[in-house]
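This is what each chain is made of:
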Amino acid sequence: MCGIFGYAGNEPCLHIITAGLRKLEYRGYDSAGVMVYDDAVQVAKNTGKVDDLLPHTHDLSARATIGMGHTRWASHGKATAANAHPHWTPAAAIVHNGIIENHAELRATLSDDNIAFQSETDTEVVLHLVVQALQSQPDPLIAFSSVMRQLKGLYGLAMFFACDPHRIYISRKGLPLAIAAGKDAHLFSSDPLALAEHSSDFMFPADATIVVLERQRLALYDYDGEQLPLPVAQHLQVPTQKIDKGSYRHFMLKEIHEQGLVLANNIHRLFDFAQLRPRAEMLALQKIDMQRVKRIKIVGCGTSYHAALLAAVFAEEQLHIESLAEVAHELRYRRALLNDQTLIVALSQSGETADTLSCIEHARSRGCQTLAICNSPHSTLARTCDALIELNCGPEIGVASTKAFTTTVLIWYLFVLAVRSAHARPLTKDAHNLRKLPLLIDYVLNSTAQIESVARQYRQARNFIYIGRGPSFPIALESALKLKEISYIHAEGYAGGELKHGPIALIDHDMPVLVVAPQDDYFLRIVANAGEVKARDGAVILLGNPKNRELRALSDTIIPCPDINQPLLQAIVCAVPLQLFAYYLALEKGTDIDQPRHLAKSVTVE
Ligand code: M6R
């Protein structure tokens, strides 16, 4: 989603800014722009990628030493060059991440003397308000803060003023902004990853504050103009190495194939095979008072929500504590029962999902304990929650989440074992299954050719239904989401028992139904559901053990998936072949698999 990068220093900065924007590309965006100042505000913007912007920057000053850039994911107004940031006038320029909720109301307060809006964005309203405020109050800090006080919504934004050409004014509310000191320079970005080659120490200004940034100095103010002490810089190990696809055609395929190793590494990191117990201290147990917990709510969005569905059922069964999964934005805006006896677990690959962050803020204000399970230890979520368990699965670049999903499920399994096993017997059976899991993932990855051939068989399909029962129901939802995201084929996931309550009306020979059928407690029931589909001429694709006689009697099209006698681990094993199935179908369709249309890796708006 939108990303911000800025520089004030001693060196020509155009290439520093465009290099910073490239580091933000993985988040997903549809247009980009850059602004530098050299006696005048100079701006270049374009739709598409940073590569498409570069030819437009040739006319910008190559010696300017202050400027900022932006990658935009359209929210207010289409992805056009006019709507791309920076928005600017000869007096000022702005880049902005987030949504100004009261932009329409604020626009009405602008006296319309000669204001010609160039874009449809909420951001441009802020620009004109500040420029107008500057006319009656020439101190940029006072003009800027007077407008910041009026904004509603979540944002991170930065403004440059031609009347104060050595400084950039930055403010945030709810969305991340990191500041770093470089060589004779200060820099800022919405993502520390973009700053990592300049510094490993980052300041994270508090909500509703203003940072005035210049080459050699930083100052922090509140919205009333009172100067505040600067936040203490945090030292973070942010990866600086370039992440490439290796020999894989896409990051997504590489990330699918990494899962055996990533899961094995996490198992050995978090489970002590000598003691036959999870390493409780590494699972953040000492930071959560489980005695106090009477209710667990597990929140996330998209794929992370599907992991939450699996996690909640397992927690309730194993811990005998009422546990519920909920999409973060729904929990945030209803009158949920939340108090100091509630543990809120936030699942998030990025740790920057605005819906999840705002749900956590809300839960904290109600006194809940909060636990983040997250892949990014320097993210806002990781810094906000009482406790963090890192996914440690390496950067996930493909927009479609794969290894983060399976690792989240594994980590929750280990967390629950750790809570449960505090006084229990050694976990011999669990240890056996944990040893087996990476081997089964490798088995699945070795069946790639077979999965690819089934995908090719269905390349003309326009719709898919996925069904599963028990832990395979969230896998049906997740696999349908994966297919939609990257192939743009319509797909829905249902609990097998729901078919007869409506969706069965869709079944005919043009409707492939993918049946997630591992050999578990639900096997005979899901086989019966597959039979109902077959009886109505639906094409049945089975995911299961190809040696199983019942499955072979139902369909010739079987995607091989080995059995493991543990429901959550079985869900992990089932997820992998269906990630591959979605990948190969998308490959047939020729879509942009790593950066599918309209999607962003990090969804930083509510
Ligand atoms: O970073 P998060 O896990 O919080 O992201 C949540 C969703 O936006 C994300 O899982 C999304 O659904 C993915 N594109 C799924 O592949």
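A word on the site of the ligand. Within the structure, the ligand sits among 14 residues, and Ser304, Ser348, Ser350, Thr353 and Glu485 are positioned closest to it. A distance of 3.2 Å separates an oxygen atom of the ligand from a polar atom in the backbone of Thr303. Ser350 is positioned with one of its side-chain polar atoms (N or O) 2.7 Å from an oxygen atom of the ligand. Within the complex, 91% of the 410 Å² of free accessible area of the ligand lies under protein. Within the residue set of the shell around the ligand, elements represented by two or more residues are α9 (302-319) and α16 (472-487). In terms of residues, the shell around the ligand owes the most to one element, α9, which gives three residues.

Looking at where Arg469 falls in the secondary structure, it is placed in the loop between β23 (463-468) and α16. As a C-alpha pair, Arg469 and Leu270 span 199 residues in sequence and 29 Å in three-dimensional space. Discounting residues that sit within four places of it in the chain, Arg469 has contacts with Gly496, Gly497, Tyr522, Arg525, Ile526 and Asn529.

Let us now look at the packing of aromatic side chains. Throughout the structure, instances matching the rule amount to twelve aromatic pairs. Ring geometry for Phe161 and Tyr169: centres 5.3 Å apart, planes at 75°, overall edge-to-face. Among the residues examined, Phe161 registers a relative accessible area of 0% and is labelled buried. Following the ring pairs from residue to residue traces out a cluster consisting of Tyr458, Phe464, Tyr466 and Phe581. The aromatic ring of Phe117 is capped on one face by Arg107, whose charged end is 3.9 Å from the ring centroid. The ring of Tyr333 is capped by Arg332, whose NZ or CZ atom sits 4.5 Å from the centre of that ring.

Below, the discussion takes up the nonpolar core. Grouped together as the largest cluster of nonpolar side chains are 99 residues, with contacts concentrated most on Leu371, Trp412, Phe415, Phe464, Tyr466 and Phe581. No fewer than three residues from each of domain 2 (248-446) and domain 3 (449-589) sit in this core. Beyond its immediate stretch of four places on either side in the chain, Trp412 contacts Ile298, Ala311, Phe314, Ala315, Val345, Leu371, Ile373 and Leu568. Counting residues in hydrophobic clusters, the runner-up holds 29 residues, among them Val125, Leu127, Leu141 and Met148.

Moving on: the pattern of salt bridges. Two side chains bearing opposite charge may form a pair once their charged atoms approach each other closely. Counting across every chain of the model gives 22 salt bridges. In this structure, Glu492 engages Lys484 in a salt bridge whose closest nitrogen and oxygen atoms are separated by 3.7 Å. Ionic contacts of the salt-bridge type, sharing partners, join the residues Asp164, Arg167, Glu214 and Arg217 into one network.

We now examine the state of the cysteines. Disulfide: a covalent bond formed between the sulfur atoms of two cysteine residues. Here the structure, examined in full by the defined rule, presents zero disulfides. Among the cysteines around Cys374, which has no disulfide bond, Cys385 carries the closest sulfur, lying 8.4 Å off. A residue is classified by how much of its surface remains accessible, and Cys374, at 0% relative accessible area, is buried. Cysteine Cys393 is unpaired, with the sulfur of Cys374 as its nearest cysteine sulfur at 9.8 Å.

The next point concerns helix α8 (residues 259-270). Because the α-helix completes a turn every 3.6 residues, residues three or four places apart line up on one side. In a regular helix each residue adds 1.5 Å, so twelve residues correspond to 16 Å; α8 covers 16 Å between its end C-alpha atoms and thus fits that length. Where α8 is buried, its residues meet α7 (251-257), β16 (271-272), β17 (277-278), α13 (403-420), α14 (428-445) and α19 (567-589).

Okay, the domain arrangement of the protein next. According to the domain assignment, the protein contains domain 1 (3-235), domain 2 (248-446) and domain 3 (449-589). Each of domain 1 and domain 2 has a C-alpha centre, and these two points are 35 Å apart. With both chains or domains summed, domain 1 and domain 2 bury close to 680 Å², and 65% of this area falls on carbon and sulfur atoms. Its largest share of buried area at the contact with domain 2, domain 1 owes to Tyr26, Pro176 and Phe204, together 48% of the area lost on that side. The interface formed by domain 1 and domain 2 holds zero salt bridges in total.

Time to look at the pairing of strand β3 (residues 41-47). Counting buried positions along β3 gives six out of seven residues, so the element sits mostly inside the fold. Two elements, strand β2 (residues 31-37) and β3, share seven bridges in a ladder whose sense is antiparallel. Paired with Ser31 across the two strands is Thr47, which belongs to β3. The turn joining β2 and β3, which pair antiparallel and follow one another in sequence, is formed by three residues; a positive phi near 70° is taken by Asp39.

Running from N to C, α9 and α16 point in directions that differ by 170°, and their axes come no closer than 9 Å. It follows from the interaxial angle that α9 and α16 lie roughly antiparallel. Contact with α9, carried on its side by Gly302, Thr303, His306, Leu309 and Leu310, involves Pro474, Ile475, Leu477, Glu478, Leu481 and Lys482 of α16 and no other residues of that element. Class assignment of the residues belonging to the contact of α9 with α16 gives a composition of six nonpolar, three polar and two charged.

Quick look at the sheet that holds strand β24 (residues 490-495) now. A sheet is described by the order of its strands in space; here five strands give the open sequence β24-β23-β25-β26-β27, paired in parallel fashion. Of all strands in the sheet, those bounded by a partner on one side alone are β24 and β27 (558-560). Across the sheet, the axes of successive neighbouring strands diverge by a mean angle of 20°, strand direction being ignored. Sheet topology note: the strand β25 (residues 512-516)/strand β26 (residues 539-544) ladder contains five bridges and is parallel. The residue bridging Val515 from the neighbouring strand is Leu542, located in β26.

In spatial order, the strands read β5-β6-β7-β8-β12-β13-β14; together these seven strands make up an open sheet with antiparallel pairing. At either end of the open sheet lies a strand with only one pairing partner, and these are β5 (87-89) and β14 (227-228). Of the strands in this sheet, β5, β6 (92-100) and β7 (153-161) are in contact with helix α4 (residues 122-136), which crosses β6 at around 135°.

One face of the sheet, then the other: side chains in a regular strand alternate in exactly this way. For strand β8 (residues 167-173), the tally of buried residues reaches five of seven residues, placing the bulk of the element in the interior. Inspection of the sheet shows β7 paired to β8 by five bridges, in the antiparallel sense. Each residue of the ladder has a partner; that of Leu157, found in β8, is Ser171. Between the antiparallel neighbours β7 and β8 lie five residues.

With that settled, consider unusual backbone geometry. Leaving glycine aside, a negative phi is the common case for residues, and trans is the common case for peptide bonds. The omega torsion of the bond from His85 to Pro86 falls at -5°, within 30 degrees of zero and hence cis. Secondary-structure assignment places Pro86 in the loop between β4 (66-72) and β5. The phi dihedral of Asp39 is positive, around 70°, even though this residue is not glycine. Here Asp39 shows up in the loop between β2 and β3. Judged by its relative accessible area of 68%, Asp39 is exposed.

Definitions and cut-offs
Residue numbers run consecutively from 1 along every chain, following the written order of its sequence. Predicted model: local features are reported for residues with pLDDT of at least 70 only, side-chain atom pairs are reported and counted for 80 or more only, and whole-chain, interface and lining totals are derived from all residues. Working from all heavy atoms in the structure, the side-chain values ignore hydrogens and water. Here a residue is considered near a molecule or strand provided that any single heavy atom belonging to it is located within 4 Å of it. N or O atoms within 3.5 Å of each other form a polar contact, as long as, within protein, one can give a hydrogen and the other can take it, and as long as residues adjacent in sequence are counted only when both atoms are side-chain atoms. Only the protein chains shown count as covering a residue, and every accessible area follows the Shrake-Rupley method with a 1.4 Å probe. Only DSSP runs of H or I with at least four residues qualify as helices, and only runs of E with at least two residues qualify as strands; both kinds are numbered from the N terminus onward. Throughout, a contact is declared for two residues whenever any of their heavy atoms are within 4.5 Å. Here the aromatic set is Phe, Tyr and Trp, taking the six-membered ring for Trp, and pairing holds for ring centres within 6.5 Å; pairs whose planes are under 30 degrees apart are stacked, those over 60 apart are edge-to-face, and all others are tilted. Exposed residues in this analysis have more than 50% of their type's maximum accessible area, buried residues have under 20%, and partly exposed residues fall in between, with area computed by a 1.4 Å probe over protein chains only. Working rule: Lys NZ or Arg CZ, within 6 Å of ring centre, within 35 degrees of ring normal, means a charge sits over the ring. Definition used in this section: a nonpolar core is a set of buried Ala, Val, Leu, Ile, Met, Phe, Trp, Tyr and Cys residues joined via side-chain atoms within 4.5 Å. Marked domain ranges trace back to an automatic or database domain assignment. Only one rule defines a salt bridge in this text: a Lys or Arg side-chain nitrogen within 4 Å of an Asp or Glu carboxyl oxygen. Here, the term disulfide refers to a pair of cysteine sulfur atoms separated by no more than 2.5 Å. A helix is expected to reach a length of 1.5 Å times the quantity of its residues less one. Put simply, buried area is how much 1.4 Å-probe accessible surface two parts lose in total, over both of them, once they are put together. For two strands to pair, DSSP has to find at least two bridges joining them. For every element, the axis is a line fit to its C-alpha atoms; helices are fit only across the contacting stretch, and the angle between N-to-C directions ranges from 0 to 180 degrees. Small angles under 35 degrees read as roughly parallel and large ones over 145 as roughly antiparallel, with 65 to 115 read as roughly perpendicular and the rest as oblique. Think of it as three bins: nonpolar holds Ala, Val, Leu, Ile, Met, Phe, Trp, Tyr, Cys and Pro, charged holds Asp, Glu, Lys and Arg, and polar takes everything else, Gly as well.

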